[in-house]
Amino acid sequence: MRTQRQVVDYSLQRRALLRDVRNGKVSPLEVCDASPYLKNAATFHGEPTDERCPICRRENLTLVHYVYGDELKQSAGQAHKAAELPVLAMTLRECQVFVVEVCRSCSWNHLIERYVLGRDALGEDESPIQWKTGSVSQVGEGRR
């Protein structure tokens, strides 16, 4: 997505946590604590992946995208499908997206990444709506 910026990747943190689970330093019960709301969001708004759950290995993980921003008002913090994000990026000046992976079987969940979306990343010549005024010859002349 073109307007995605300020990406924070949590894969190293995830890898360290999974290493601690495998070594017995952290109990699987401590990391498999997804709330019922998160599991419902994964069911109704999540995007399935091809990656198996690293804890139970029974089911593929699901990605849930949570969107926060001042312009969203009461709908801030709601889960959205990945297909809805480009529309939000063009409609909102700025919003934060948090991507969480969830296993609906064992309740494993982990924040995968966080990034900012929105029109503020577009330059003046890249505005989402290009208004054309005048005839074709006038538009062509303006570019010289």
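Everything in this summary refers to the structure shown in the same document. (Residues numbered from 1 in each chain as written. Predicted model: local features only at pLDDT ≥ 70, side-chain atom pairs only at ≥ 80, totals over all residues. Heavy atoms only, no water.)

**Topic: the pattern of salt bridges**
Pairing between side chains of opposite charge can happen when the charged atoms of each approach one another. To keep it simple, the criterion reads: Each reported salt bridge corresponds to a side-chain nitrogen of Lys or Arg within 4 Å of a carboxyl oxygen of Asp or Glu. Each helix is a run of H or I in the DSSP string that is no shorter than four residues. Each strand is a run of E no shorter than two, and both are numbered from the N terminus. Remark: exposure states derive from per-residue accessible area (1.4 Å probe, protein chains only) relative to the maximum for the residue type, with buried under 20%, exposed over 50%, and partly exposed in between.
The full count for this structure, using the stated rule, is 3 salt bridges. The partner of Glu51 in a salt bridge is Arg14, with the nearest N and O atoms 3.0 Å apart. Taken together, the residues Glu51 in strand 2 (residues 47–52) and Arg14 in helix 1 (residues 11–22) connect sequence positions 37 residues apart. You can call Glu51 partly exposed: its relative accessible area is 39%. On the basis of relative accessibility, which here comes to 14%, the residue Arg14 falls in the buried class. One salt bridge in this structure joins Arg14 and Glu101, with 2.5 Å as the shortest N-O distance. With Arg14 in helix 1 and Glu101 in strand 5 (residues 95–102), the pair connects residues that are 87 residues apart, well separated along the chain.

**Overview of helix 1**
Heads up, the condition is: What a helix is expected to span follows from its residue count: subtract one and scale by 1.5 Å. This arc describes the spread of directions from the helix axis toward the C-beta atoms. In this analysis, two residues are considered to be in contact whenever any of their non-hydrogen atoms come within 4.5 Å of each other.
Taking 1.5 Å of rise per residue, 12 residues should cover 16 Å, and helix 1 covers 16 Å from first to last C-alpha, within 8% of that figure. Looking only at helix 1, the buried set comprises Arg14, Leu18 and Val21. The arc that holds every buried residue of helix 1, seen down its axis, measures 55°, which confines them to one face. Residues of helix 1 that are exposed and point more than 90 degrees away from the buried face comprise Leu12 and Arg15. Packed against the buried residues of helix 1 are helix 2 (28–31), strand 2, strand 3 (60–68), strand 5 and strand 6 (109–117). One or two residues past the end of helix 1 sits Gly24, with phi positive at roughly 85°.

**Comments concerning unusual backbone geometry**
A positive phi angle is found at Arg57, which is not glycine, with a value near 60°. In this fold, Arg57 is placed in the loop between strand 2 and strand 3. Phi is positive for Lys73, close to 55°, though the residue is something other than glycine. Mapped onto the elements, Lys73 comes out in the loop between strand 3 and strand 4 (78–80). Taking relative accessible area as the criterion, Lys73 reaches 62% and is therefore assigned exposed.

**Focus: the packing of aromatic side chains**
This is how the line gets drawn: For Phe, Tyr and Trp, rings pair up if their centres lie within 6.5 Å, where Trp contributes its six-membered ring, and each pair is then called stacked (planes under 30 degrees apart), edge-to-face (over 60) or tilted (otherwise).
Scanning all chains against the criterion turns up 1 aromatic pair. Both rings, one in Tyr68 and one in Phe98, keep their centres 5.6 Å apart while their planes meet at 85°; by these two values the pair is edge-to-face. Of this pair, Tyr68 sits in strand 3 while Phe98 sits in strand 5; the two residues are 30 residues apart in sequence, bridging distant segments of the chain. Residue class for Tyr68 comes out partly exposed when judged on its relative accessible area of 39%.

**Overview of the side chain of His65**
When you line up the elements, His65 lands in strand 3. Relative accessible area serves as the criterion here: at 7%, His65 is assigned to the buried category. With sequence-adjacent residues up to four places away left out, His65 is seen in contact with Glu47, Gln78, Ala79, His80, Ala82, Leu85, Val97, Phe98, Val99 and Tyr115.

**Concerning the side chain of Glu101**
Note the threshold: What qualifies as a polar contact is a pair of N or O atoms within 3.5 Å, subject to a donor-acceptor requirement within protein and to the restriction that residues adjacent in sequence count only when both atoms come from side chains.
Taking relative accessible area as the criterion, Glu101 reaches 3% and is therefore assigned buried. A polar contact is formed between the side chain of Glu101 and the side chain of Arg14, at a distance of 2.5 Å.

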